[in-house]
Amino acid sequence: MESIDVAENLSSLSGMVFKIDQNEFGLLVDQNGTGYLNYTNVTMDPNRTYYIFESVYPSSYSIPEIVIASVVVIMLMIVVVVGNMLVIIAIVTEKALKNVQNWFIASLAVADFFLGIIVMPFSLANELMGYWIFGDWWCDIHAALDVLLCTASIMNLCLIALDRYWSITQAVDYLKKRTPARAMVMIGFVWIFSGVICIPPLLGWKVKRVPERYPKCEVSVILKVSAFTF
């Protein structure tokens, strides 16, 4: 049994059994058949004509799946961006909403707004296409923003939950302590903590990238393993 690469010239194949070793996305199709040959042991007939058809992207998604996923996620992004933008505008412009407890909600809305308008579009393209086309520089920035905004969003949710908890369990004392200055310090801590977490990849703690036809955008092998572990 001989091993060949589908990218080689198929005109020299004889009618013996070959193992199709496909290193890139694509289909080896028999002109006289209805199926395709892919990652299997097949008999190559010298009297037949074979073609290599590449799919649109090296991802596992078909064209209908890409279209459906794009429409659904784009609609979700519009809801996220517009919804959080309206929350921010309402808190900033309406006098009745300009209280300390709503500052925490505004901080959460800011994180989710930028997550929907900056991070999600590129993540969607990367997922559907199966590789990163936006360059190494934007990969680093995108990964850092992804970590920053996701962490800030989670931390703001925790801050809102703690604020509600203390407001109920320590109604009098906590409301006296919850001054605008304290609220700003709490919100500042959330964003500074999130920023510290996203800095390591920018300082070199990331996967060493090698030139390849279909590059990947990965932050760290450790982070990748941890994600699969949990």
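Fair warning: this is a prediction, and the values are worked out from it, not measured in the lab. (Residues numbered from 1 in each chain as written. Predicted model: local features only at pLDDT ≥ 70, side-chain atom pairs only at ≥ 80, totals over all residues. Heavy atoms only, no water.)

Student: When you look at the UniProt feature "transmembrane region" (unreviewed entry) in the protein chain in this model, what are you seeing that I'm missing?
Tutor: Taking the UniProt record as the reference, the feature "transmembrane region" (unreviewed entry) is found at residues 66-91, 103-123, 143-162 and 183-203. Between the end C-alpha atoms of residues 183-203 there is a gap of 31 Å, over a span that is 95% helix and 0% strand. (UniProt positions renumbered as here; feature names shortened; annotations may be inferred. Helix = DSSP H or I, 4+ residues; strand = E, 2+ residues; numbered from the N terminus.)

Student: Hey, could you run me through the packing of aromatic side chains in this one?
Tutor: Both the distance between ring centres and the angle between the ring planes are used here to describe each pair of aromatic rings. Under the definition given, this model contains 7 aromatic pairs. Judged by centre distance (5.6 Å) and plane angle (55°), the ring pair of W166 and Y174 falls under tilted. By relative accessible area, which is 8% here, Y174 ends up buried. Of the aromatic side chains, those joined through ring pairs into one cluster are F122, W132, F134, W137 and W138. (Phe/Tyr/Trp six-rings, centres within 6.5 Å; stacked < 30°, edge-to-face > 60°. Buried < 20%, exposed > 50% of the residue type's maximum accessible area, 1.4 Å probe, protein only.)

Student: Could you clarify how one ought to interpret helix α2 (residues 100-129) in this entry?
Tutor: Within an α-helix, residues lying three or four positions from one another point in the same direction, as the helix has 3.6 residues per turn. The end-to-end C-alpha distance of α2, which contains 30 residues, comes to 44 Å, matching closely the 44 Å that a straight helix rising 1.5 Å per residue would cover. Maximal helix bending in α2 amounts to about 40°, located at V119; proline P121 follows within four positions. G130 sits one or two positions beyond α2 and adopts a positive phi of about 90°. (Expected span 1.5 Å × (residues − 1). Bend = angle between axes of the 7 residues up to and from the residue.)

Student: It is not clear to me how a nonpolar patch on the surface should be interpreted in this structure. Could you clarify?
Tutor: Side chains of I74, I78, V82, M85, L86 and I89 sit close together on the surface and give an oily, nonpolar patch of about 510 Å² of accessible area. Here I74 shows up in helix α1 (residues 63-93). (Patch = residues over 30% accessible without salt bridge, like charges linked within 9 Å, V, L, I, M, F, W, Y side chains within 5 Å. Areas by Shrake-Rupley, 256 points an atom, 1.4 Å probe, with all protein chains shown as cover. Salt bridge = Lys/Arg side-chain N within 4 Å of Asp/Glu carboxyl O.)

Student: Would you take a moment to explain the pattern of salt bridges for this structure?
Tutor: Pairing is possible between side chains that carry opposite charge, provided their charged atoms lie close to one another. Across all of its chains, the model carries 2 salt bridges by this definition. Between R164 and D163 there is a salt bridge; the shortest N-O distance is 3.2 Å. Residue classification places D163 among the buried residues on the basis of a relative accessible area of 2%. When the shortest N-O distance is used, the salt bridge between R178 and D163 registers 3.0 Å. Placement of the pair is R178 in the loop between α4 (171-177) and α5 (180-202) and D163 in helix α3 (residues 135-169), with a sequence separation of 15 residues.

Student: How should I be thinking about the packing of α2 against α5 in this particular structure?
Tutor: Any two packed helices are characterised by the angle at which their axes cross and by the distance between the axes. For the pair α2 and α5, interaxial distance at closest approach is 10 Å and the crossing angle is 20°. As far as their axial angle goes, α5 and α2 are roughly parallel. Here α2 runs over α5; the crossing is right-handed. Residues V100, W103, F104, S107, V110 and A111 of α2 lie in contact with α5, whose contacting residues are P180, A183, M184, M186, I187 and W191. The residue makeup of the contact of α2 with α5, split by class, is 11 nonpolar, 1 polar and no charged. (Axes fitted to C-alpha atoms, helices over the stretch in contact; angles between N-to-C directions. Parallel < 35°, antiparallel > 145°, perpendicular 65-115°, else oblique. Left-handed = near helix turned anticlockwise from the far one by under 90°. Contact = heavy atoms within 4.5 Å. Nonpolar A, V, L, I, M, F, W, Y, C, P; charged D, E, K, R; others polar.)

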